[in-house]
Amino acid sequence: MYRAVNSKRPVNLDLTTIQFPLPALTSIAHRITGVILFVGLIFAFWALDKSLSSPEGFAAVRDALANNILAKLIAWGLLSALAFHFVAGIKHLLMDVGYGVTLEGGVKKAQATVVISAVLIILAGVWVW
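Residues numbered from 1 in each chain as written. Predicted model: local features only at pLDDT ≥ 70, side-chain atom pairs only at ≥ 80, totals over all residues. Heavy atoms only, no water.

**Q** Can you lay out the UniProt feature "transmembrane region" (unreviewed entry) in the protein for me, pointing to particular residues and giving the numbers?
**A** The UniProt record marks residues 28-48, 69-90 and 110-128 with the feature "transmembrane region" (unreviewed entry), using the residue numbering of this structure. Along residues 69-90 the backbone is 100% helical and 0% strand, and the end-to-end C-alpha distance reaches 31 Å. For residues 110-128, the end-to-end C-alpha separation is 26 Å, with 100% helix and 0% strand making up the annotated structure. (UniProt positions renumbered as here; feature names shortened; annotations may be inferred. Helix = DSSP H or I, 4+ residues; strand = E, 2+ residues; numbered from the N terminus.)

Set out below in structure tokens:
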């Protein structure tokens, strides 16, 4: 029987000891924000349904987003996840067409993703709060 993996290789299953490079962290965060957006659709669809049900429902959603700190936090969180996910998605699309697939290009695009996302997240926070 042939072994596909050399048994003398070190095995490290403790993810807390691994130093992930920035492109890997942005890729992982892209996946996490995708899950956050998927789950956040529950809140977004509820707010949309409530706001379209009647003028009173619209006023309730408007008041919640204007005065309820939890609703503002959820809205800001969803906008933040959307901003990062969008920018990281553009980064992945650029990689798919062959732009910046080198190690240096990947690091620079990851840095740009973090900076652009941070600016968008701050702008979303100013808009929501």
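Moving on, there is more to tell.
**Q** A description of helix H1 (residues 22-53) should follow, citing residues and the corresponding values.
**A** The terminal C-alpha atoms of H1, which comprises 32 residues, lie 45 Å apart, in line with the 46 Å expected from a rise of 1.5 Å per residue. Along H1, the helix axis deviates most sharply at Gly40, where the bend reaches about 35 degrees. Residues Thr26, Ser27, His30, Thr33, Leu37, Gly40, Ala47 and Ser51 constitute the buried set of H1. Where H1 is buried, its residues touch helix H2 (55-67), helix H3 (69-96) and helix H4 (103-128). (Expected span 1.5 Å × (residues − 1). Bend = angle between axes of the 7 residues up to and from the residue. Buried < 20%, exposed > 50% of the residue type's maximum accessible area, 1.4 Å probe, protein only. Contact = heavy atoms within 4.5 Å.)

**Q** If you had to explain the UniProt feature "binding site: heme" (unreviewed entry) in the protein to someone new, which residues and values would you point to?
**A** As recorded in UniProt, the sites labelled "binding site: heme" (unreviewed entry) are His85. Residues in contact with His85, not counting those within four places in the same chain, are His30, Thr33, Gly34 and Leu37. Reaching out from His85, the side chain makes a polar contact with the side chain of Thr33 at a distance of 3.1 Å. (Polar contact = N/O pair within 3.5 Å; in protein donor to acceptor, adjacent residues only side chain to side chain.)

**Q** Can you break down the packing of H1 against H3 residue by residue, with the values?
**A** Where H1 meets H3, the closest approach of the two axes is 8 Å, and the angle between their N-to-C directions is 135 degrees. The orientation of H1 relative to H3 falls into the category oblique. Of the two possible hands of crossing, H1 and H3 adopt the one that is left-handed. The residues of H3 that touch H1, namely those facing Pro23, Thr26, Ser27, Ala29, His30, Thr33, Gly34, Ile36, Leu37, Gly40 and Phe43, are Ala71, Ile74, Leu78, Ala81, Leu82, Phe84, His85, Ala88, Gly89, Lys91 and His92. Each residue belonging to the contact of H1 with H3 can be placed in one class, and the counts come to twelve nonpolar, nine polar and one charged. (Axes fitted to C-alpha atoms, helices over the stretch in contact; angles between N-to-C directions. Parallel < 35°, antiparallel > 145°, perpendicular 65-115°, else oblique. Left-handed = near helix turned anticlockwise from the far one by under 90°. Nonpolar A, V, L, I, M, F, W, Y, C, P; charged D, E, K, R; others polar.)

**Q** Any chance you could break down the layout of surface pockets for me, citing the residues and the numbers?
**A** Roughly 410 Å³ of volume is contained in the largest pocket. What lines the largest pocket is a set of 14 residues, and nearest its centre among them are Phe43, Ala75, Leu78, Leu79 and Trp127. Elements with a contribution of two residues or more to the lining of the largest pocket: H1, H3 and H4. Here the lining of the largest pocket gets six residues from one element, more than from any other, and that element is H1. (1 Å grid on protein atoms, 1.4 Å probe; cavity = no way out; pocket = protein on both sides within 12 Å on 5 of 7 lines; lining within 4 Å. Points joined across faces, edges and corners; volume = space filled by probe spheres on them.)

**Q** Kindly report on the side chain of Thr26, identifying the contributing residues and their values.
**A** Along the chain, the position of Thr26 falls in helix H1. Looking at Thr26, the relative accessible area reads 3%, which means it is buried. Of note is the side chain of Thr26, whose polar atom sits 2.9 Å from the backbone oxygen of Pro23. Contacts of Thr26, omitting those with residues within four sequence positions, involve Phe84, Lys91, Ala110 and Val114.

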